[in-house]
Amino acid sequence: MHKLPADLRKALIANRTTLDAWKDITPLAQNEFICWVEDPKQEMTGERRIRRTQEKLEEGRSVGRAAGEGAGTASARADSD
C-alpha cells in the first residue's frame, strides 16, 4: 500500500462528499487511485488526475474508469503521459 500524497489528501479533505466516498472504498481501491495520481510525468497531469479522482469518487466510479478505461479513448490518451 502506498502512502496518501499530501496534495491528494488536501483535495479529499476539502470536499466532504469526496472524503466520505474515499473512506467508503476498499484499501485496494484507494491504493489504485494513489498510484494513478502519483504516476504522471508532468505536474499538470497530476493535478488533473486529482480533480478527476474527486469527480470519480463523487460519481462512485473506480480508478479504471477514472483513467479512461480503453486505451483508444481520448481521455485515456490524455492521461497516459
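Owing to the predicted nature of the structure, the values given are computational and were not obtained by experimental measurement. (Residues numbered from 1 in each chain as written. Predicted model: local features only at pLDDT ≥ 70, side-chain atom pairs only at ≥ 80, totals over all residues. Heavy atoms only, no water.)

Before going further, it helps to examine the environment of Gly60. As for its position among the elements, Gly60 is in the loop between α4 (43–59) and α5 (63–66). Judged by its relative accessible area of 65%, Gly60 is exposed. For the pair formed by Gly60 and Asp24, sequence separation is 36 residues and the distance between their alpha carbons is 9.8 Å. (Helix = DSSP H or I, 4+ residues; strand = E, 2+ residues; numbered from the N terminus. Buried < 20%, exposed > 50% of the residue type's maximum accessible area, 1.4 Å probe, protein only.)

It is worth spelling out the packing of aromatic side chains at this point. Evaluated as defined, the whole model comprises one aromatic pair. Summarising the aromatic geometry, the rings of Trp22 and Phe33 are spaced 6.3 Å apart at their centres and angled 50 degrees between planes, so their arrangement reads as tilted. With a gap of 11 residues between them, Trp22 in helix α2 (residues 16–24) and Phe33 in helix α3 (residues 27–38) connect regions that are remote in the sequence. Of the residues examined, Phe33 reaches a relative accessible area of 2% and is grouped as buried. (Phe/Tyr/Trp six-rings, centres within 6.5 Å; stacked < 30°, edge-to-face > 60°.)

As a further point, take the packing of α2 against α4. Orientation of α2 relative to α4, taken along the N-to-C sense of each, is 70 degrees, at an axis distance of 8 Å. It follows that α2 is roughly perpendicular to α4 by the angle criterion. Contact with α2, carried on its side by Thr17, Thr18, Ala21 and Trp22, involves Gln54, Leu57 and Glu58 of α4 and no other residues of that element. Of the residues assigned to the contact of α2 with α4, the class counts are three nonpolar, three polar and one charged. (Axes fitted to C-alpha atoms, helices over the stretch in contact; angles between N-to-C directions. Parallel < 35°, antiparallel > 145°, perpendicular 65-115°, else oblique. Contact = heavy atoms within 4.5 Å. Nonpolar A, V, L, I, M, F, W, Y, C, P; charged D, E, K, R; others polar.)

Taken as a whole, this structure holds three salt bridges when the rule is applied. Between Arg16 and Asp20 there is a salt bridge, with its nearest N and O atoms 3.3 Å apart. Within this pair, Arg16 and its partner Asp20 are both found in helix α2, separated by four residues, close to a single helical turn. Residue Arg16 is classed as exposed on the basis of its relative accessible area of 60%. Of the charged contacts in the structure, one is a salt bridge between Lys56 and Glu59, with a shortest N-O distance of 3.6 Å. (Salt bridge = Lys/Arg side-chain N within 4 Å of Asp/Glu carboxyl O.)

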